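The chain contents come next:
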Amino acid sequence: MPSASSAASDSSRPVPSGLWRDADFRRLWLGQTASQLGEHASLVVLPLLAVLTLDADAGQLGVLRAVGQAPVLLLSLLAGAWVDRWRTRTTMVLTDAGRALALGAVALACLFGRLGMPGLFVLAFAVGALSVFFDVAYQASLVRLVERDQLLRGNSALEGSRSAAQIGGPALGGALVSLLSAPIAAASAALFFTLSFLSIRRIRRAEAVSKRPEDAPRVRHRIREGLRFVARDSVLRAVCLASGAFQFSFAAMMTVYLLFLPRELHLSGTVVGLALAAAGPGALLGSLLAARLPSRFGHGTVLVCAAALGDGMFLCVPTLHGSSAVTVPALLVVGFVFGFGGQLVNVTIMAVRQAVTPDRMQGRAAATITFAGMGLTPLGSLLGGFLAGEWGLRTGLLVAAAGMMLSPVVMAFSPLARLGRELPAPCGGPPGG
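An account of the accompanying structure is given in this report. If you're wondering where the values come from, they're calculated on a predicted model, not measured in any experiment.

As for the overall build of the protein
Logical step 1: From N to C terminus, the protein includes 17 helices and zero strands.
Logical step 2: Taken over 433 residues, the protein has a buried fraction of 58%.
Logical step 3: Accessible surface for the protein amounts to roughly 17,200 Å². Of this, 65% is attributable to carbon and sulfur atoms.

Thoughts on the nonpolar core
Side chains that are nonpolar tend, in soluble globular proteins, to be buried together.
Logical step 1: Ranked by size, the top nonpolar core spans 62 residues in total, and within it Leu120, Met253, Tyr257, Leu261, Phe314, Val317 and Leu331 carry the most contacts.
Logical step 2: It is helix α8 (residues 234-264) that provides the largest number of residues to this core, a total of 11 residues.
Logical step 3: Setting aside residues up to four positions removed in sequence, Leu261 forms contacts with His266, Leu267, Val272, Ala275 and Leu331.
Logical step 4: Judged by nonpolar contacts, the second largest core, of 27 residues, contains Phe229, Ala290, Val345 and Leu416.

Here we look at the packing of aromatic side chains
Centre-to-centre distance and the angle between the planes together describe a pair of aromatic rings.
Logical step 1: One pass over the full model with this rule turns up six aromatic pairs.
Logical step 2: Residues Phe246 and Phe250 carry aromatic rings whose centres are separated by 5.2 Å and whose planes lie at 15° to one another, so their mutual orientation is stacked. Placement of both Phe246 and Phe250 in helix α8 is noted, with a separation of four residues, approximately one turn of the helix.
Logical step 3: Relative to Phe338, the ring of Phe314 lies with its centre 5.0 Å away and its plane at 75°, an arrangement referred to as edge-to-face. With a gap of 24 residues between them, Phe314 in the loop between α12 (299-312) and α13 (324-356) and Phe338 in helix α13 connect regions that are remote in the sequence.
Logical step 4: Its relative accessible area of 4% is what places Phe314 among the buried residues.
Logical step 5: With a relative accessible area of 12%, Phe338 lands in the buried category.
Logical step 6: Taken together, Phe246, Phe250, Tyr257, Phe314 and Phe338 form an aromatic cluster joined through their ring pairs.
Logical step 7: Stacked on the ring of Phe134, the Lys or Arg Arg99 has its end atom at 4.7 Å from the ring centre.

A word on the pattern of salt bridges
Logical step 1: A complete count under the given rule lists four salt bridges for this structure.
Logical step 2: The partner of Glu264 in a salt bridge is Arg394, with the nearest N and O atoms 3.2 Å apart. Here Glu264 is found in helix α8, whereas its partner Arg394 is found in helix α16 (residues 393-403), with 130 residues between them in sequence.
Logical step 3: Residue Glu264 is classed as partly exposed on the basis of its relative accessible area, which comes to 33%.
Logical step 4: Through salt bridges with shared partners, a single network forms among Glu39, Asp96 and Arg99.

Calculation rules
Residues numbered from 1 in each chain as written. Predicted model: local features only at pLDDT ≥ 70, side-chain atom pairs only at ≥ 80, totals over all residues. Heavy atoms only, no water. Helix = DSSP H or I, 4+ residues; strand = E, 2+ residues; numbered from the N terminus. Buried < 20%, exposed > 50% of the residue type's maximum accessible area, 1.4 Å probe, protein only. Areas by Shrake-Rupley, 256 points an atom, 1.4 Å probe, with all protein chains shown as cover. Core = buried A, V, L, I, M, F, W, Y, C linked by side-chain atoms within 4.5 Å. Contact = heavy atoms within 4.5 Å. Phe/Tyr/Trp six-rings, centres within 6.5 Å; stacked < 30°, edge-to-face > 60°. Lys NZ or Arg CZ within 6 Å of the ring centre and 35° of its normal. Salt bridge = Lys/Arg side-chain N within 4 Å of Asp/Glu carboxyl O.

Okay, structure coming up:
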């Protein structure tokens, strides 16, 4: 952890035991849950609003998703350098407020008939940019709150809350767009960001952040240190490669999927939301088991098997035909298994990354991996739009789903597959920073 200033008090120390007995951890958990719920709702609300209200075609939907994901490529490294120098509480509070305002603007513009695709592109970019800073900050905040041996349990709790968001967010967003109105759907997401703002701002524990000496390295130098740190560690390099392969293909698949469900299978916005929300219960189960399975079977075994199981399920979707009585249950099973496997991977990967990273590098390591893993998602979304428009929805979905299987293959032939039951020890980082 960065050396604390002399004024830091005992309240800046990590929680010694009993995560749920600590009020600040509960506030972080509640705020992160509300924020993730708003984020997952908006990820469904904005594309469905474009498709159902603005009659967006495949190309426009691909551009919309790419614009919302572009901040990951453009801002992740900057966010990491920022978070390692500033209090995570401040970053999360400001980004929550900004996202609430942006989605409130979507609601008002839609209510008064002033919303068009250009305006939706701008607001989607703003929400995506603020989400990048929030996500890096909340990952780094956990390390500043808990001891190293509690990282798996802490991540399990936070990822469990994200699973709850995956259950409620898509279903709520799809139902509100379909049954009520697009402005209400956008406003609902804004309310969740407001709740997150109110919860996180009540965190009282002072964070130990590094003093900024007069000769402190500039932002670009700190970014370069983070890149070098991740690049020279074989485990973190493998995380980047596996994450990049998955996120690129997943972005393409989801772009086609959001068109495939309403246009090829003729499902309503409510049913689309439920199909997407099916990942939530599986992810909730995965987050609960993630605190136990790696210590029993080994972190590497869990990573490879869970990724292959979860990602492989989407290969079944292009084969679906017929009535909703057949397709909807099948989609729910696909979503559940995907959520289960994906959450096992997410929790385990995050614990491994935090374990091998020195505290002073947590923000930059998280941001570098986010940059490498999700930086290609805008291109993936554009590819999905191209596949849907040129090859057709069914073929495009099959190709994108097959691409998702690259991730478990990369893991199987990397040092990640050899990780045992214990978390790896921290490796060295650059001095200072």
